[in-house]
Amino acid sequence: MSSLKRRGFTAMLGASALAAPGIIGAARAAAPLKVGFVYVGPVGDFGWSYQHDIARKQAQAALGGAIETSFVENVPEAPECQAVFESLVASGHKLIFGTSFGYMNYMVKVAAKHPDVMFEHCTGYKQAKNLAIYDIRYYQGRYIQGVIAGHMSKTGKIGYVASVPIPEVVQGMDAVLLGMRSVNPQAQLKFIMVDSWYDPGKEGDAAKALIDQGCDVLTQHTDSPAPLQVAASRNIPAFGEATDMIKFAPKNQLTADVNEWGGYYIKRCKAALAGTWKTENTWGGFADGMLAMAPYTNMPDSVAAAAKLAVADIASGKNKIFVGPLTDQTGKVFLPAGQVMDDNTLTGLQTLVQGIDGKLS
């Protein structure tokens, strides 16, 4: 399914911002480590790719002359991405990050051909000796959005501009509704799938349609600020995505999930410099410093307090979000009472919970 898109796993921001002097000294004695980043969208999307590029700059600033970073933007999740990875290898890059789900099979092929190069794939699930995977538990932030929306919505309906029907997106929609129903048990979620991660026109049209269908709070699983801008034009509250988008809707953004990739990139570059890099499967969230919420704005203090408490409960493990009983759209129980959904099930999730209006295909 090469047309399906991205997303994957990360590690905590706990590593110090500066590399050990000995590591940097050794690296400078030779040539800097060349580190490449491949983005599915433009760095100016002000969302997913933008946030990854902020992290790239953080790694470059932290490690200075020990590394030399570069990026390629607007790389499709199609056979041509394989040529981009090969080109980075040919130009001497020894650590390469592919930041979209649809790159997975192509990265697997390139990694097999170049065992002396370290590859990292964001949001995928296939590993190799020289191919690691990393991701963020985005659904944790979407649950927080649901809690806020449950308090803020007058109609009890939130609109969700969805990208593509992969498990990450299903997790997100389910988590938003579960968060809403923790406040309003009758809450509903409507979604429109735009079949793209970055298409401002489609994203904006979907946002308008959802509002026209009675949704009075809007969220998104796409990369441009278009849905948020539509929400501002209709004067309804909404959430930003992947990065703080407050400048696009200063009177309407409630908060945003903020993906914190910098600590992970610094940590993995340090490991490569030290010769300790090895394949890993990383999936981090609030507790690991890989996910944060933007400032809570345009809401009562009591709602902000409820959101902060929910973040604390998720970070501590008190609230595991996907806890039974959970029922699907037909009312059938798919997670029995008291059971917690395990990560293997979560990473393959294709079941929408009851209260979500829409079909994945």
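Novice: When you look at helix 3 (residues 80-90) in this model, what are you seeing that I'm missing?
Specialist: An α-helix turns once per 3.6 residues; consequently, residues spaced three or four apart project the same way. Among all positions of helix 3, only Cys81, Val84, Phe85, Glu86, Leu88 and Val89 are buried. Looking at the packing, one finds that the buried side of helix 3 touches strand 1 (33-38), strand 2 (67-72), strand 3 (95-98), helix 4 (104-113) and strand 4 (118-122). The positive-phi residue at the C-terminal boundary of helix 3 is Gly92, with phi of around 95 degrees.

Novice: Would you mind showing me how to read helix 6 (residues 167-181) here?
Specialist: With 15 residues, helix 6 extends 21 Å between its outermost C-alpha atoms, agreeing within 8% with the 21 Å of an ideal straight helix rising 1.5 Å per residue. Within helix 6, 14 of the 15 residues are buried, leaving the element largely enclosed by the surrounding structure.

Novice: For this particular structure, what's the right way to read the nonpolar core?
Specialist: In globular proteins that are soluble, nonpolar side chains generally tend to be buried together. Grouped together as the largest cluster of nonpolar side chains are 95 residues, with contacts concentrated most on Ile144, Met173 and Phe322. Residues contacting Phe322, with those up to four places away along its chain left out, are Tyr139, Gln171, Asp174, Ala175, Leu178, Leu335, Gln339, Val340, Met341, Leu346 and Leu349. Grouped together as the second largest cluster of nonpolar side chains are 15 residues, Cys215, Leu228, Ala231 and Ala238 included.

Novice: Teacher, can you tell me more about the packing of helix 3 against helix 4 here?
Specialist: Put simply, helix 3 and helix 4 touch, their axes get as near as 9 Å, and they point 30 degrees apart. Put simply, helix 3 runs roughly parallel to helix 4. At the point where helix 3 passes helix 4, the crossing takes the right-handed sense. Contacts between helix 3 and helix 4 involve Cys81, Gln82, Phe85, Glu86 and Val89 on the former and, on the latter, Tyr106, Met107, Lys109, Val110 and Lys113. Each residue belonging to the contact of helix 3 with helix 4 can be placed in one class, and the counts come to six nonpolar, one polar and three charged.

Parameters at a glance
Residue numbering note: each chain is counted from 1, following its sequence as written. Residues qualify for local features only when their pLDDT is at least 70, as the model is predicted, and side-chain atom pairs are given and counted only at 80 or more; totals for whole chains, interfaces and linings, by contrast, use all residues. In computing side-chain values, all of the structure's heavy atoms are included and hydrogens and water are not. Accessibility here uses a 1.4 Å probe with only protein chains present; expressed as a share of the type maximum, an area under 20% marks a residue as buried, one over 50% as exposed, and anything in between as partly exposed. A run of H or I in DSSP becomes a helix once it reaches four residues, and a run of E becomes a strand once it reaches two; helices and strands are each numbered from the N terminus. Residues are treated as being in contact if the distance between any of their heavy atoms lies within 4.5 Å. The span one expects for a helix is its residue count, reduced by one, times 1.5 Å. Side-chain atoms within 4.5 Å link the members of a nonpolar core, which is a set of buried Ala, Val, Leu, Ile, Met, Phe, Trp, Tyr and Cys residues. Helix axes use the C-alpha atoms of the stretch in contact, all axes being lines fitted to C-alpha atoms, and the angles between their N-to-C directions lie in the range 0 to 180 degrees. Angle categories: roughly parallel below 35 degrees, roughly antiparallel above 145, roughly perpendicular from 65 to 115, and oblique for all the rest. Left-handed describes a crossing whose near helix is turned anticlockwise from the far helix through less than a right angle; right-handed describes the clockwise counterpart. Note that Gly is not counted as nonpolar here; it falls among the polar residues with everything else outside the nonpolar set of Ala, Val, Leu, Ile, Met, Phe, Trp, Tyr, Cys and Pro and the charged set of Asp, Glu, Lys and Arg.

Spatial relationships are all this shows, so hold off on functional conclusions.
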